[in-house]
Amino acid sequence: LPSGGKADSLKAPELRARDRTRALSPVQSFWLGVQRAWESFWYPPTQPFDLGFGRFLFFAWVLYTTGRRDFAIWGDLPIELFYPLPFMRLINYPVASAATVEILQNIWRLSLIFGCIGFLTRISALVACLLTLYLWTLMYGFSQEAHGSIPLIFAMFVLAVSRSADSFSIDSFLFRSRRKPTGASPNYGWPTRLICCVYVLMFFGSAVTKLINSGIEWGLYALTNIFYQFRFRASPRAVAIIDFFLNHLPMKVVGMSTLLLELAAPLALFPGWPRVIVLPALIIMQLMIFEVMGLEFRPTFGLIPFFIPWSALRQVLARKARSWRDGFREVRFGDGR
Amino acid sequence: LTALALQKEFWPFSHFPMYSVTVDYRKPFKTYYVYGLIEKNGNLTELLLNGSPQLGPFNPGKLKQTLGYAKTTYGGRMWGSYMEISDEFYQSKLRGLLKLYNRNLKKSADLNTVTPLVGIRLYEVEFPDKLPRPAPLQPSKVRLIAEWREGR
């Protein structure tokens, strides 16, 4: 097509964009490419159902895994045992009494339920975020706790500031005029992407710390030392077998694989084979950590639903169900009667 | 990223220190023992408090952490890297533990039969290794770190 005038407006948008790119210098086109990659990574058009159903599963899982925790025991301790973290000193963190913590944890549980069913979702998610921050920080003021709860705080904050109630929520029925989903939109893409980032960075950060603290040696020896405890109750024959596995190749391979898997965790952000391989491997690793070492990382599984394209899955399942139904009809009424 | 680079804890941003340091079970290792002091017939007797239900919610692991074990043992690379460990720190923690123990003791037992603690001691104990043996493992070194006495 000749350029300019009426003919130019007839060009397809991608052709026009290519023409514009041709007019740019190499540096400008490089930056344009970076900008486009950045935007397509952080703002992928996503169905509201993906975010809404992810929110539902997230809060349900957090409630199931952490809802029965009693934080009130931390509110009743002598203040001499409290040693505030630097940020707690900065904000003059108040240590509430056991009775107040009891009230706060009941509000927290209620906010998780509301977040799950999507009722007053923004407020519920924000309250859940602030109270998770407060209640877990309270424990950290007295002693160390498993880090499994920290990603939940970030995820709750993201759900509070995003449009996570536009689908699969009571709010979407109550405030239908305000919360009308517009189909696939980046508004639902960035929150899911950000929560996925929190999940993978948890592993990546863990791997980097291991490398800083112990170097590559961690992969070769750390698991051996952790698993050594199994020798305690083993029979002499079993001890010989355990020792062989601990001190030879198998445990070193497992150790190095763990380290590499944690380093490779960000690959799970990319749909397709990297996610299909890395995400289940991370889940299996966390389950093994829980079984072997008793470290409670299961609450972080609540972030996994945000990796799954639920609306696409729903369409596939609906198609399958239709074809099964049609197949069933054909078998039943195949003779034309 | 800042927390990772500085190896510090800016909670909830953290450098995830757990199990990042390789501790060899076949080499000497240190741990903390907390002993309570009870007075019987004018004599002081030591009572091991690690794992005592009266110190709940401080199980043996949490008890060590609240006393800054990770910071002192791993040279500030673990949880509690922000802690400033001093004699005052230990005194405050031991005073708190003593209060907690005596309070829980009163709650759980008959007031006439309980023997409250009059003091509390923190020991650093070193074992040659963690390998299984028929006899209980004996410490190779014991060091008194701090002591707190009631009414002092």
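Being a predicted model, the structure only gives us computed values, none of them experimental. (Residues numbered from 1 in each chain as written. Chains lettered and ligands numbered in written order. Predicted model: local features only at pLDDT ≥ 70, side-chain atom pairs only at ≥ 80, totals over all residues. Heavy atoms only, no water.)

(A) The arrangement of the overall build of chain A in detail. What chain A contains, in helices and strands, is 16 helices and zero strands. The buried share of chain A, taken over its 337 residues, is 44%. Here the contacts in chain A between residues at least 6 apart in sequence split such that 77% fall between residues at least 24 apart. Element-wise, carbon and sulfur atoms account for 68% of the exposed surface of chain A, whose accessible area totals about 17,900 Å². (Helix = DSSP H or I, 4+ residues; strand = E, 2+ residues; numbered from the N terminus. Buried < 20%, exposed > 50% of the residue type's maximum accessible area, 1.4 Å probe, protein only. Contact = heavy atoms within 4.5 Å. Areas by Shrake-Rupley, 256 points an atom, 1.4 Å probe, with all protein chains shown as cover.)

(B) Quick look at the nonpolar core. Among the nonpolar cores identified, the biggest contains 93 residues, and A:Phe58, A:Phe59, A:Met156 and A:Tyr199 are the most heavily contacted of them. Ranked by residues supplied to this core, first place goes to helix α8 (residues 121–142) of chain A with eleven residues. Setting aside anything within four residues of it in sequence, one finds A:Phe59 in contact with A:Leu112, A:Gly115, A:Cys116, A:Ala125, A:Ala128, A:Met156 and A:Leu159. A:Ala222, A:Leu223, A:Met251 and B:Tyr25 belong to the second-largest nonpolar core, a separate cluster that totals eleven residues. (Core = buried A, V, L, I, M, F, W, Y, C linked by side-chain atoms within 4.5 Å.)

(C) Layout of the side chain of A:Ser214. Residue position: A:Ser214 is located in helix α11 (residues 186–214). Non-local contacts of A:Ser214, meaning those with residues more than four positions away in its chain, are made with B:Ser20, B:Val21 and B:Thr22.

(D) The confidence of the model for chain A, seen in detail. Residue and element names in this part refer to chain A. Per-residue confidence for chain A gives a mean pLDDT of 86; residues scoring 70 or more make up 88%. Between the elements of chain A, mean pLDDT differs from a low of 50, seen in helix α1 (residues 5–9), to a high of 97, seen in helix α7 (residues 98–117). Throughout residues 1–6 the model reports pLDDT below 50, and contacts reaching past four residues in sequence, or to other chains, amount to four contacts. (pLDDT = per-residue confidence, 0-100.)

(E) Expanded view of the sheet that holds strand β1 (residues 29–40) of chain B. Residues and elements named next belong to chain B. On the basis of which strands lie adjacent, the open sheet formed by four strands has the order β2-β1-β3-β4 and antiparallel pairing. Two strands lie at the open edges of the sheet, namely β2 (43–48) and β4 (141–149), each paired on one side alone. Within this sheet the neighbouring strands show an average axis-to-axis angle of 30°, counted without direction. As defined by bridge partners, β1 adjoins strand β3 (residues 119–127) across nine bridges and the pair is classed as antiparallel. (Pairing = 2+ DSSP bridges. Axes fitted to C-alpha atoms, helices over the stretch in contact; angles between N-to-C directions.)

(F) Inspection of the packing of aromatic side chains at higher detail. Residue and element names in this part refer to chain A. Here the structure, examined in full by the defined rule, presents 33 aromatic pairs over all chains. Note on phenylalanine 56 and phenylalanine 168: the rings are 5.1 Å apart at their centroids and 65° apart in plane angle, and the pair reads as edge-to-face. Here phenylalanine 56, found in helix α4 (residues 48–66), pairs with phenylalanine 168, found in the loop between α9 (150–161) and α10 (170–174); they are 112 residues apart in sequence, far enough to count as distant. What makes phenylalanine 56 partly exposed here is its relative accessible area of 25%. The class for phenylalanine 168 is partly exposed, based on a relative accessible area of 38%. (Phe/Tyr/Trp six-rings, centres within 6.5 Å; stacked < 30°, edge-to-face > 60°.)

(G) Region of interest: the pattern of salt bridges. All names here are of chain A. Per the stated rule, a full pass over the model turns up nine salt bridges over all chains. A salt bridge links arginine 163 to aspartate 166; the shortest N-O distance between them is 2.8 Å. For arginine 163, a relative accessible area of 26% corresponds to the partly exposed category. A salt bridge links glutamate 262 to lysine 210, with the shortest nitrogen-to-oxygen separation between them at 2.7 Å. One end of the pair, glutamate 262, is in helix α14 (residues 249–263); the other, lysine 210, is in helix α11, and 52 residues separate them in sequence. Accessibility expressed as a relative area gives 4% for glutamate 262, which makes it buried. Look at lysine 210 and you get buried, because its relative accessible area is 6%. (Salt bridge = Lys/Arg side-chain N within 4 Å of Asp/Glu carboxyl O.)

(H) Representation of a positive patch on the surface in the model. Among the surface-exposed residues, A:Arg319, A:Lys320, A:Arg322, A:Arg325 and A:Arg329 lie close enough to one another that they form a single positively charged patch. Among the structural elements, A:Lys320 can be located in helix α16 (residues 310–332). (Patch = residues over 30% accessible without salt bridge, like charges linked within 9 Å, V, L, I, M, F, W, Y side chains within 5 Å. Lys, Arg positive; Asp, Glu negative; His and termini not counted. Charge placed at Lys NZ, Arg CZ, Asp CG, Glu CD.)

(I) Representation of the pairing of β3(B). Residue and element names in this part refer to chain B. Counting buried positions along β3 yields nine of nine residues, so the element is predominantly enclosed. The alternating pattern of β3 places Gly119, Arg121, Tyr123, Val125 and Phe127 and Ile120, Leu122, Glu124 and Glu126 on opposite faces, both of which are buried. In this structure, β3 lies alongside β4, joined through eight bridges in antiparallel fashion. Each residue of the ladder has a partner; that of tyrosine 123, found in β4, is leucine 144.

(J) Region of the structure containing the layout of surface pockets. Residues and elements named next belong to chain B. Each pocket or cavity is described by its volume, and for the largest pocket that value is around 1,700 Å³. If you trace the largest pocket, you find 50 residues lining it, with Tyr19, Tyr25, Lys64, Gln65 and Tyr74 closest to the centre. Residues belonging to the lining of the largest pocket are distributed by class as follows: 23 nonpolar, 16 polar and eleven charged. (1 Å grid on protein atoms, 1.4 Å probe; cavity = no way out; pocket = protein on both sides within 12 Å on 5 of 7 lines; lining within 4 Å. Points joined across faces, edges and corners; volume = space filled by probe spheres on them. Nonpolar A, V, L, I, M, F, W, Y, C, P; charged D, E, K, R; others polar.)

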